[in-house]
Amino acid sequence: MILLHHTKNAGRAVLLTFLLSICSPVWSTIEYTDPQRDTAVEMLEKLQERHYAKLPYGDDLSSQHLDNYIDSLDSGKMFFTVVDLESFEQYRSIMDDQLRDGKLDAGFAIFNRYHERLKSRLKNLSDTLPETVATMDFTIDESLVLDMDNRQWAKDQAELDDRWRKQLKNQVLSLKLADKDEDEIVPTLHKRYQRQLKSATQYNSQDVFQMYANALTELYDPHTNYLSPRSTENFNINMSLSLEGIGAVLQMEDEYTKVSSLVAKGPADKEGELQPSDRIVAVGQGADGALEDIIGWRLDEVVQLIR
């Protein structure tokens, strides 16, 4: 069973900076490896020489690569600000030159900033959740843009903080409307954020390289992809076992698993309840099985649970 959700003072400034530095967690950065340098060079050669699209990877495609990569990391515009985007402009016309030399500096620098924001945000949400939820005022008239395409990049961190406040408030409200017991709302959300944080800490260089590479290959055509060694292994296992899925193409949208499309005459298409653009928020076994909240899970984890 799948549960759906349709859709002025210098001294003071120095002191503040110092306090933030000792209170904030120190997150390690992810670095690329020598084999990945070689793979990048080989992949680029094959794309330019063998792909039917015959697209040269020059400044124009480098620019598109940057935009596509940023969007793949932060499609919900919840982590990067306009200031971040301005700092990323230094990479716009040099990513092609870097890749030819086997350098992945741009991709990993951008990811590490995203990764730090992701983990810091999730930790802060978890640590302050009870107090934040307890002080929520649902009588205030305010709104949150849910359509990612209509969201604008936040001007600064304060705007991002307010966006997250509203998103958390929306999640609490959604649980209330779903008749969730008041005493269970904070534990449910805490468990959700802790799982997301655990998943975030498990990112490795293979994951980053795959995302950076695919942000480029997708510009050649949507069916050309790079698979990391782990993804390749999973793909081969799934093919050899001939497992039949639910007949739906899934994708990540912000923290949700979204139904991108249905396979014609597949199980989901025949059953009729699952529809494109639906968000899968929980999964359970059978009509009466306990539902597992999967908001914030990695896509491969969601697929494994559904299977």
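The structure under discussion appears in the preceding block.
The notes below deal with the structure included here.

Cut-offs used in this document
Residues numbered from 1 in each chain as written. Predicted model: local features only at pLDDT ≥ 70, side-chain atom pairs only at ≥ 80, totals over all residues. Heavy atoms only, no water. Salt bridge = Lys/Arg side-chain N within 4 Å of Asp/Glu carboxyl O. Buried < 20%, exposed > 50% of the residue type's maximum accessible area, 1.4 Å probe, protein only. Helix = DSSP H or I, 4+ residues; strand = E, 2+ residues; numbered from the N terminus. Pairing = 2+ DSSP bridges. Core = buried A, V, L, I, M, F, W, Y, C linked by side-chain atoms within 4.5 Å. Contact = heavy atoms within 4.5 Å.

**A short note on the pattern of salt bridges**
Part 1 of the argument: Counted by the stated rule, this structure contains 19 salt bridges.
Part 2 of the argument: With a closest N to O distance of 3.9 Å, R117 and E116 form a salt bridge.
Part 3 of the argument: Note on E116: relative accessible area 32%, which makes it partly exposed.
Part 4 of the argument: Salt-bridge contacts for R192 lead to D293; the nearest nitrogen and oxygen are separated by 2.5 Å.

**Topic: the pairing of strand β4 (residues 279–283)**
Part 1 of the argument: Within β4, five of the five residues are buried, which leaves the element mostly enclosed by the surrounding structure.
Part 2 of the argument: One ladder, built from two bridges, connects β4 with strand β5 (residues 292–293); its direction is antiparallel. Across the sheet, the residue bridging to A282 is D293, located in β5.

**Thoughts on the nonpolar core**
Soluble, globular proteins show a tendency: their nonpolar side chains are buried together.
Part 1 of the argument: Within the largest apolar cluster, 48 residues are counted, with the highest numbers of intra-cluster contacts made by Y57, Y69, L99, I110, L168, L189 and L216.
Part 2 of the argument: Counting only elements with at least two residues in this core, the list comes to α2 (34–50), α3 (59–73), α4 (82–88), α5 (95–100), α6 (105–134), α7 (157–177), α8 (182–201) and α9 (205–220).
Part 3 of the argument: If one sorts the elements of this core by residue count, α6 sits on top with ten residues.
Part 4 of the argument: Excluding residues within four positions of it along the chain, Y57 makes contact with L44, Q48, S62, H65, M95, D96, L99, R100, L216 and Y220.
Part 5 of the argument: Membership of the second largest hydrophobic core comes to ten residues, among which are V259, L274, I280 and V283.

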